[in-house]
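Here's the letter readout for the chains.
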Amino acid sequence: TISGGPLVTKRISLPKMSEYTVEKVIQQEVKEQLGSDPSETYLDFYILGEDVTRPGNMIVVVAIAQKEYIDIFKEIVSEAGLQLDCVDPACFVVERAWRAVEAATAKARKGSPTESYSNFALINVGAEFTNVALISNGKIVSTCDVNIGGKTLTAYIQQSNSISMERAEILKIFTSGQADSDS
């Protein structure tokens, strides 16, 4: 998975068109909006469905990644003797994992997945980035990566409490983040 600086995900509204035409329109948008040459990026998209706020339009989620970053990632994977089949934005992976867990728990409780959820956020706090995916009516409507992760939180706890990084990590994981009076 990728997240952060080398990745941009965006939800856009486009007039209804074929997938081939969507790809061409997105390539042009990359050139105009981001000032990037489409040949220097990898891009993918999926069509969510009709845009209910704009009749005749559809909602498309676009993911654009810097080719240089992905190529380095692919090279590292190859040097490790592995084959790379797919690179996905971290927020999409978290969303699919949540769906799998929700489907399994719904089956166990004999209910339907997401029966009690219509709008919610999935938040994945990684070491360096926090990925946020906003879900509405079962579909991702917005994503973002925040340049704050577990390492940042640990450093804040360490500095705020004048303790070692190791102690700060323990506090982060096992308590509310407040140093006890013995520290």
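Details of the structure are given in the entry above.
An account of the accompanying structure is given in this report. Computed from a predicted structure; not experimentally measured. (Residues numbered from 1 in each chain as written. Predicted model: local features only at pLDDT ≥ 70, side-chain atom pairs only at ≥ 80, totals over all residues. Heavy atoms only, no water.)

Concerning the packing of helix α4 (residues 150-161) against helix α5 (residues 165-174)
At a closest axis distance of 8 Å, the pairing of α4 and α5 adopts a crossing angle of 110°. Taken together, the axes of α4 and α5 lie roughly perpendicular to each other. When the axes of α4 and α5 are compared, the crossing they make is right-handed. In this structure, α4 uses Gly-150, Leu-153, Thr-154, Ala-155, Ile-157 and Gln-158 to contact α5, whose residues at the interface are Met-165, Ala-168, Glu-169, Leu-171 and Lys-172. Residues belonging to the contact of α4 with α5 are distributed by class as follows: six nonpolar, three polar and two charged. (Axes fitted to C-alpha atoms, helices over the stretch in contact; angles between N-to-C directions. Helix = DSSP H or I, 4+ residues; strand = E, 2+ residues; numbered from the N terminus. Parallel < 35°, antiparallel > 145°, perpendicular 65-115°, else oblique. Left-handed = near helix turned anticlockwise from the far one by under 90°. Contact = heavy atoms within 4.5 Å. Nonpolar A, V, L, I, M, F, W, Y, C, P; charged D, E, K, R; others polar.)

Details of the pairing of strand β2 (residues 41-50)
In terms of strand pairing, β2 meets strand β3 (residues 57-66) through nine bridges, oriented antiparallel. Paired with Gly-49 across the bridge in β3 is Ile-59. The turn joining β2 and β3, which pair antiparallel and follow one another in sequence, is formed by six residues; a positive phi near 90° is taken by Gly-56. (Pairing = 2+ DSSP bridges.)

Some points on a nonpolar patch on the surface
Where nonpolar side chains cluster on the molecular surface, the patch consists of Ile-123, Val-125, Val-146, Ile-148 and Leu-153 and spans about 410 Å² of accessible area. Judged by its relative accessible area of 56%, Ile-123 falls in the exposed class. (Patch = residues over 30% accessible without salt bridge, like charges linked within 9 Å, V, L, I, M, F, W, Y side chains within 5 Å. Areas by Shrake-Rupley, 256 points an atom, 1.4 Å probe, with all protein chains shown as cover. Salt bridge = Lys/Arg side-chain N within 4 Å of Asp/Glu carboxyl O. Buried < 20%, exposed > 50% of the residue type's maximum accessible area, 1.4 Å probe, protein only.)

So, the layout of surface pockets
The method is simple in principle: a probe with the dimensions of a water molecule rolls over the atoms, and the space it marks as empty is what remains. Space inside the largest pocket adds up to approximately 370 Å³. In this structure, the largest pocket is lined by 21 residues; those nearest its centre are Tyr-42, Leu-43, Asp-44, Val-87 and Asp-88. Secondary structure elements with two or more residues in the lining of the largest pocket: β2, β3, α2 (67-79) and α3 (90-108). Here the lining of the largest pocket gets five residues from one element, more than from any other, and that element is β2. Taken as a whole, the second largest pocket holds about 250 Å³ of empty space. Only β2 and β6 (139-146) provide two or more residues apiece to the lining of the second largest pocket. When the residues that make up the lining of the second largest pocket are grouped by side-chain class, the tally is four nonpolar, four polar and four charged. (1 Å grid on protein atoms, 1.4 Å probe; cavity = no way out; pocket = protein on both sides within 12 Å on 5 of 7 lines; lining within 4 Å. Points joined across faces, edges and corners; volume = space filled by probe spheres on them.)

Just distances and angles here, no functional claims.
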